[in-house]
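# Summary of structural features
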Amino acid sequence: MADPWQSAYDFAVQVARAAGAVIRKAGEDEIKVQTKSCAVDLVTQTDERVEKIIIGSLKEQFGDGSHCFIGEESVSNGQPCNLTDKPTWIIDPVDGTTNFVHGFPFVAVSIAFAVNKELEFGVVYSCLEDKMYKARKGMGAFCDDEQIQVSDVKDINKSIIISEHGTDRSIEKVTKIFSTMQKILRIPVHGLRGSGTAATNMCLVASGASEAFFEIGIHCWDIAAGVVIVREAGGIILDVDGGPFDLMSRRMMSANNDIIAKRIIKEIEIFEVLRDDAPVPSK
Ligand SMILES: O=P(O)(O)O[C@H]1[C@H](O)[C@@H](O)[C@H](O)[C@@H](O)[C@@H]1O
Ligand SMILES: [Mg+2]
C-alpha cells in the first residue's frame, strides 16, 4: 500500500528547518515583545511571522482544503482549536518564546500531523542547537540521522526529572507547582531541570537525557510533536493522574517507563486548567 504521509513528513522537516533559520536571524535584531494571557505570557512578531510562513508553506503543498491547521498564534487570535478526523497540522512556531526574547538557548519549532485524531508524525527543530528531532508512528525516533532511545533507568533515585512552572503566577498554582517540585526533589532524585520549552523537554526524555517531563498548563501545540517522538523512542505518555493521555486536556506526563512515571505521578498536586477545545465564552 502506498505510504500516504512520507512526503508530508519530509516536507514538514524542510519547513521546520527553514522556520528555524528565520527565528535565528530574527534573534539577531531587536525583538519587539507583546503579552497574551498575562504579563509573562510573551509573544513576538517572529511567533506570528513564522506561523504564517509554516502554514503558508503547508497550504501551498497541501492546499486542496482538506487539511486543517491548529497554530498557537492563530488560536490566540481567535481561531477554533478543535481536533477533527481531518488531516490536521498542529503547530507551535516558536516554542520557548520567553527564551527567544532573552537569548536563552532553547527555542524549538514544533510541527505535528494527525489523521482521525491519531498523531502520525512529529518534528521538533531545536533551532539554536541546530538539532532536528523527528518521528513517524511505528518507525522510530531520530535526532538528525541518529536513532534515539529513552533512558533505561528504573531507579527514581537515579533520575533527572523535568518540569516547568508555566505562565500562571496565581498563588494557588504557584504553590501547587513548587510543592510538587519540592516533593520530587526530596524523593530524592538526582535533579530537577526545565529548558523552558515543552517540545525540547520531550526530546530530552526521548534522547535519554532525562527520565520524565510533566506539565499542567501546556497546550496541544507545545507537545503534539513531542508525543510522537517520545513514544517512538520507547517512552510512554500519560495524563498527570496516570490515566490515558488526552491531547486537548493541557496535562501531560512523558516518561521513559511506567515505574518512573507512576512514582512521579504520586507527587503531582493537580490543578484545573481549561481544555484547549473548551468552547470559547461568547463576548
Ligand atoms: O513558548 P511557548 O510556545 O509559549 O510555550 C511554553 C509556555 O509558554 C510555557 O509556559 C511552558 O512552561 C512551556 O512548557 C511551553 O513550551
Ligand atoms: Mg509558542
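About the cut-offs
- Residues numbered from 1 in each chain as written.
- Chains lettered and ligands numbered in written order.
- Predicted model: local features only at pLDDT ≥ 70, side-chain atom pairs only at ≥ 80, totals over all residues.
- Heavy atoms only, no water.
- UniProt positions renumbered as here; feature names shortened; annotations may be inferred.
- Helix = DSSP H or I, 4+ residues; strand = E, 2+ residues; numbered from the N terminus.
- Buried < 20%, exposed > 50% of the residue type's maximum accessible area, 1.4 Å probe, protein only.
- Contact = heavy atoms within 4.5 Å.
- Core = buried A, V, L, I, M, F, W, Y, C linked by side-chain atoms within 4.5 Å.
- Pairing = 2+ DSSP bridges.
- Axes fitted to C-alpha atoms, helices over the stretch in contact; angles between N-to-C directions.

### Regarding the UniProt feature "binding site: Mg(2+)" (unreviewed entry) in the chain
Residues annotated in UniProt with the feature "binding site: Mg(2+)" (unreviewed entry) correspond here to Glu72, Asp92, Asp95 and Asp222. Considering the C-alpha atoms alone, the annotated residues occupy 151 residues of sequence yet fold into one spot, their largest mutual distance being 9.4 Å. The topology assignment puts glutamate 72 in helix α3 (residues 72–76). In this structure glutamate 72 comes out as buried when scored by relative accessible area, which is 11%. Excluding residues that lie within four positions of it along the chain, glutamate 72 makes contacts with Lys36, Glu51, Ile91, Asp92, Pro93, Val94 and Trp221. Locating aspartate 95 in the fold gives a position in strand β4 (residues 88–95). By relative accessible area, which is 5% here, aspartate 95 ends up buried. Beyond its immediate sequence surroundings of up to four residues, aspartate 95 is in contact with Phe106, Val107, Ala108, Thr197, Ala198, Ala199 and Asp222.

### With respect to the nonpolar core
The biggest cluster of nonpolar side chains holds 40 residues, and the ones touching the most others in it are Ile90, Leu119, Ile229 and Leu247. Elements represented by at least two residues in this core include exactly β5 (108–115), β6 (118–126), β7 (131–136), β8 (141–143), α6 (198–206) and α7 (220–232). At nine residues, α7 tops the list of elements feeding residues into this core. Filtering out sequence-adjacent residues up to four positions away, leucine 119 remains in contact with Ile90, Ala112, Phe113, Ala114, Lys137, Ala224, Val227, Val228 and Leu247. Grouped together as the second largest cluster of nonpolar side chains are 33 residues, Val13, Ala26, Val107 and Met132 included.

### Comments concerning the sheet that holds strand β11 (residues 191–193)
Pairing within the open sheet is mixed, and its five strands lie in the order β11-β10-β12-β14-β13. Either end of the sheet is taken by a strand with one partner, and the two such strands are β11 and β13 (236–238). The mean inter-strand angle of the sheet, taken between neighbouring strand axes irrespective of direction, is 20°. With five bridges connecting them, strand β12 (residues 212–216) and strand β14 (residues 251–255) associate as antiparallel partners. Within the sheet, the bridge partner assigned to glutamate 215 lies in β14 and is methionine 252. Contacting β10 (160–163), β11 and β12, helix α5 (residues 171–185) crosses the sheet at an angle of about 145° to β11. Packed onto the sheet, helix α8 (residues 258–265) meets β10, β12, β13 and β14 and runs at close to 30° relative to β13.

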